[in-house]
Every structure is written in structure tokens, then in C-alpha cells.
Amino acid sequence: MAKTALITGITGQDGAYLAELLLSKGYDVHGIKRRSSSFNTGRIDHLQIDTHRQGNFHLHYGDMTDSTAVIRTIAEVQPDEIYNLAAQSHVKVSFEMPEYTANADAVGTLRILEAIRLLNLSDRTRFYQASTSELYGKVQEVPQREITPFYPRSPYAAAKLYAYWITVNYREGYGMFACNGILFNHESPIRGETFVTRKITRAVAAITLGLQDRLFLGNLDAQRDWGHARDYVEGMWRILQHDTPEDFVLATGEMHSVREFCELAFAEIGTTIEWRGEGVEEKGYAAGTDRCLIEIDPVYFRPTEVEQLLGDPTKAREKLNWSHETSFPQLVREMVAEDRRLLETERLARRAYGVAE
Ligand code: NDP
Ligand code: GDR
């Protein structure tokens, strides 16, 4: 019989890739989506259309801050696997909404674990928690692995720290198959537009089409271990198929700066970036010209920054046979190409409807 999965955060980047993966494996897929005054299912609409006839893709309204909705959905769905991907996932925003972030990201995780316990599903339902490299924050060891001590540096990371430990606690206390995937940054053409990678690739596409003249960024020196979301959802699934419930780091083992990401993205449109100036006055120019393309705006600085993250995915490779497939240059290329295609299509549509650009 087909397995049943419940995905919270199904309308997000990872939710969309994971739903696609599980449907391809024959799962009956259920997702929790939030009520919104505008459409918020853009990333999964194709799945709703594709699965219309088979009836194996279902959406339920709910919110991580609403216990009754969480319990009711789990009771109805009786899932074999729950992937808890829902979160206020923006680190900078978490400084402005710390209480909401804690409610959705920390207590929200507890709500699901308690629902599994109260509904007597502990022996049946496997639970995946979307933990994060942000837990390492001010890093205590390079590269970071499963046993590296945590040092969260934002309300988001502090909330995710609670979620991490409550997951471990329910595994040890109640024998649940509950696991943390400690995932390093992963991106894609459907990455949220306010995360730095997508912000850059959208700007590159807009600049090349003459729709934007420059890009404003924060800390150019931050370094991250960036992979492709498609590879990472495969890792999530493998974590729940493993014989024993364990926590795993998923990462590429390679680190690049925001500055390097910019250089590679602009290279995709044939532009070499030349950096001039120092500190917040530093700017990126099209090489050999006075055309400024990148400027720093301190509004994007964070009260406490995570300067560097680099993961060690050895455990996942050895125990799950998982490793990333998409290289860093491939990731940047795919994102720039897709943003160019999207903006070009949008521009053609605007022209067709007679809307001014
Ligand atoms: P997104 O921000 O793209 O998606 C977040 C999802 O959570 C969206 O579906 C969003 O709904 C939903 N959501 C937010 N708040 C609530 C709430 N209160 N109740 C119900 N749903 C809610 O994140 P990603 O897909 O990138 O990440 C998935 C998970 O993995 C997150 O938990 C994130 O913190 C974590 N993570 C992500 C990493 C990454 O690099 N992408 C790395 C490590 C961990 P809506 O569409 O309506 O906004
Ligand atoms: P991060 O991702 O905080 O690592 O969290 P983000 O892309 O927001 O920032 C990465 C680094 O880039 C620097 N930066 C900027 N960031 C944004 N968003 N906008 C800018 O203009 C900008 N300029 C420089 C940041 O300061 C930071 O150092 C992501 C999220 O997906 C989390 O949910 C997840 O847990 C972690 O990755 C792993």
C-alpha cells in the first residue's frame, strides 16, 4: 500500500521539491498551507494539476501556531511520515518578529510531536525536523558536523535550537522515530526572493533586461555552504528511511562568499565585477567602466551575524549514501537562467496586455 506523508510548509521552496519527490515515489501526499489573502501555492500549482485525476495530493488549511488545526490534520491524515518544514525561515526578519518566530518554529514543532503522542501514533509515524546550520552560529569547529557544539546567533536560530532538542527529547523519552536534518543553505530557482542568492540572481536578470540599475546588499563577506534544494530533499527522505532514528548534517563541504556568488552570477551575463572602495563604501562596478552595479546598504546588516558556515556531510555519505549532485557553478547558472526566463516572460506578458514597464 502507498505510504502517506504530511508536509508542513508545503508551499515553500523545500516543500515543493519534497512533494514532487514523494509523489514520484508513489506516496499519498498531504500538505498544510496557510490562509492568505493572495495566492500562495505558486510553487505547487503544477502538482495540483498533475495529480488532479489520481487524487493523491491534498492540501489542508492550518498554521503552526494553531494546535487544534495541527492535531485535527494529523488525526485525519494518519501519516506514516511527517516532514516539519514550516517556519518563519528568514534570519533577519526573526530579529523583528522574535516572538512569532519562537511560536511557529519552536513551539510549532512541539505541537506536532505532542499531537503524534496524544493520537497514539508514536509507533507508526516517523518525524523529520528541518533543523539548520544556523544552530552553529558563532562556530566552535570547522567544518561543522553532528557533534559540533551549537551557538545560535539569532531569534530564528534560538527557536530552531529548541525544536532540535525537543525532537531529540521525544525520540529518547517516548521512543519516537524522530530525526533532525541539520541542513546547510540550499537554494534553487524557486528560493524565496529575499534570501541573498535569489535576490542576486533576480537582480542580475533584471539588470540585463534593463529593468533595474543596481543591487543593494548587506555583508558581502559572509560565507556559506550552498547546495541545491533538489539534492537536499532526497537527503530528508533518506533520513526517514534509515533503520534507526538519527540526526544528520547535509552539506556540500564547500564554502563561498556572497561576493563570490555575485561575481559568478554577473559572469553569467558576461559582466566582470571590479570591487572599488572600502567598508560600507565598497561598490561593485562593471569592469573597466564607471557603471556601478552593486552597493552596500547597512539596512541588510544583522545585529548578530553568522560569518561562516561549512558543513561536513561524512555521516550522511557513509550511512545514507547521500551526497550533493549539483555543483556551486551549476546552481548559480541554473538560478540566473531561470530568473532571466521568468522576467522575459513577464515582460512579454506585460507588453501583450499593454501594461507599461
Ligand atoms: P520557505 O521560507 O521557502 O518556506 C517556509 C514554509 O513554511 C512556507 O510554506 C510557509 O508558508 C510556511 N510557514 C511559515 N510560517 C508558517 C506558519 N506559522 N504555519 C504554517 N506554515 C508556515 O523555507 P524553505 O523551504 O527554504 O525551508 C524549509 C524549512 O527548512 C524551514 O523550516 C527552514 O527554516 C529550514 N531550513 C532551510 C534551509 C534552506 O537553506 N532553505 C536550511 C536549513 C533549514 P507561506 O508559503 O504561506 O509563507
Ligand atoms: P541565511 O540566508 O541567513 O544563511 O539563512 P540569507 O540568504 O538570508 O543570508 C545569507 C548571508 O548573506 C548575507 N547577506 C544578505 N542576506 C540577505 N537575505 N539579503 C541581503 O541583501 C544580504 N546581503 C548579504 C547575510 O547577512 C547572511 O550572512 C538561510 C535560511 O534559509 C534559513 O532558514 C536557514 O536555516 C539557513 O539559510 C541555513
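By convention here, each chain's residues receive numbers from 1 onward along its written sequence. Just so you know, chain letters begin at A and ligand numbers begin at 1, following the order they were written in. The model is predicted, so local features are restricted to residues of pLDDT at least 70 and side-chain atom pairs to those at 80 or more, both for listing and for counting; the totals for chains, interfaces and linings are taken over all residues.

## Topic: the site of ligand 2
Next, step 1: As a rule, any residue with its backbone-derived C-beta atom within 6 Å of a molecule or strand is reported as near that molecule or strand. By nearness alone, 21 residues border ligand 2, and S89, T132, V196, G218 and A222 come closest of all.
Next, step 2: The secondary structure listing takes helices from DSSP runs of H or I that are at least 4 residues long and strands from runs of E that are at least 2 residues long, numbered from the N terminus. Taken together, the elements giving at least two residues each to the shell around ligand 2 come down to α4 (91-96) and α7 (196-208).
Next, step 3: Among the residues forming the shell around ligand 2, the class breakdown is 8 nonpolar, 7 polar and 6 charged. Any residue outside Ala, Val, Leu, Ile, Met, Phe, Trp, Tyr, Cys, Pro, Asp, Glu, Lys and Arg is labelled polar, Gly included; the first ten of those are nonpolar and the last four are charged.

## Describing the nonpolar core
Next, step 1: Note on definitions: a nonpolar core is a set of buried residues drawn from Ala, Val, Leu, Ile, Met, Phe, Trp, Tyr and Cys, linked by C-beta atoms within 7 Å. Our exposure labels follow a C-beta count within 10 Å of each residue's own C-beta, placed from the backbone: buried means 20 or more other C-beta atoms, exposed means 12 or fewer, and partly exposed covers the counts in between. Judged by nonpolar contacts, the single largest core of 70 residues is most densely connected at I7, A19 and L250.
Next, step 2: Broken down by element, the residue count for this core peaks at 9 residues, all from helix α6 (residues 155-174).
Next, step 3: In this view, I7 contacts G15, L18, A19, V29, G31, Y83 and L85; residues no more than four positions away in its chain are not counted. It is the C-beta atoms, placed from the backbone, that decide contacts: two residues are in contact if theirs lie within 7 Å.

## So, the packing of helix α3 (residues 67-77) against helix α5 (residues 98-118)
Two measures define how a pair of helices packs: the angle their axes make with one another and the distance between the axes.
Next, step 1: With their axes 9 Å apart at the nearest point, α3 and α5 run at an angle of 45 degrees to one another. In this view, α3 runs oblique relative to α5, as classed from their interaxial angle. The two elements α3 and α5 cross, and the hand of that crossing is right-handed. Two secondary-structure elements touch here, α3 through S67, V70, I71 and I74 and α5 through R111, I112, A115, I116 and L118.
Next, step 2: Here the residues of the contact of α3 with α5 sort into 7 nonpolar, 1 polar and 1 charged. Here an angle of 0 to 180 degrees is reported between the N-to-C directions of two axes, which are lines fitted to C-alpha atoms, with helices fitted over the stretch in contact. Here the word oblique covers every angle except those under 35 degrees (roughly parallel), over 145 (roughly antiparallel) and from 65 to 115 (roughly perpendicular). Less than a right angle of anticlockwise turn of the near helix away from the far helix marks a crossing as left-handed, whereas a clockwise turn marks it as right-handed.

## As for the site of ligand 1
Next, step 1: Inspection of the region around ligand 1 gives 26 residues, with G9, G12, A86, A87 and A130 positioned closest.
Next, step 2: Secondary-structure elements contributing two or more residues to the shell around ligand 1 are α1 (13-24) and β5 (126-132).
Next, step 3: Considering each element in turn, the shell around ligand 1 owes the most residues, 3 residues, to α1.

## Section: the sheet that holds strand β1 (residues 4-8)
Next, step 1: If DSSP finds at least two bridges between two strands, the strands pair. An order of β3-β2-β1-β4-β5-β6-β11 is seen for the 7 strands of this open sheet, with the pairing classed as parallel. Each having just a single partner strand, β3 (57-61) and β11 (248-250) make up the two edges of the open sheet. Strand after strand, the sheet turns through a mean of 20 degrees between neighbouring axes, direction not considered.
Next, step 2: Where strand β6 (residues 178-183) and β11 come together, 3 bridges link them in parallel fashion. Paired with L183 across the bridge in β11 is L250.
Next, step 3: Against the sheet, α3 engages β1, β2 (28-33) and β3, with an angle of about 160 degrees to β1.
Next, step 4: Against the sheet, helix α8 (residues 229-241) touches β4 (81-84), β5, β6 and β11, its axis set at about 155 degrees to β6.

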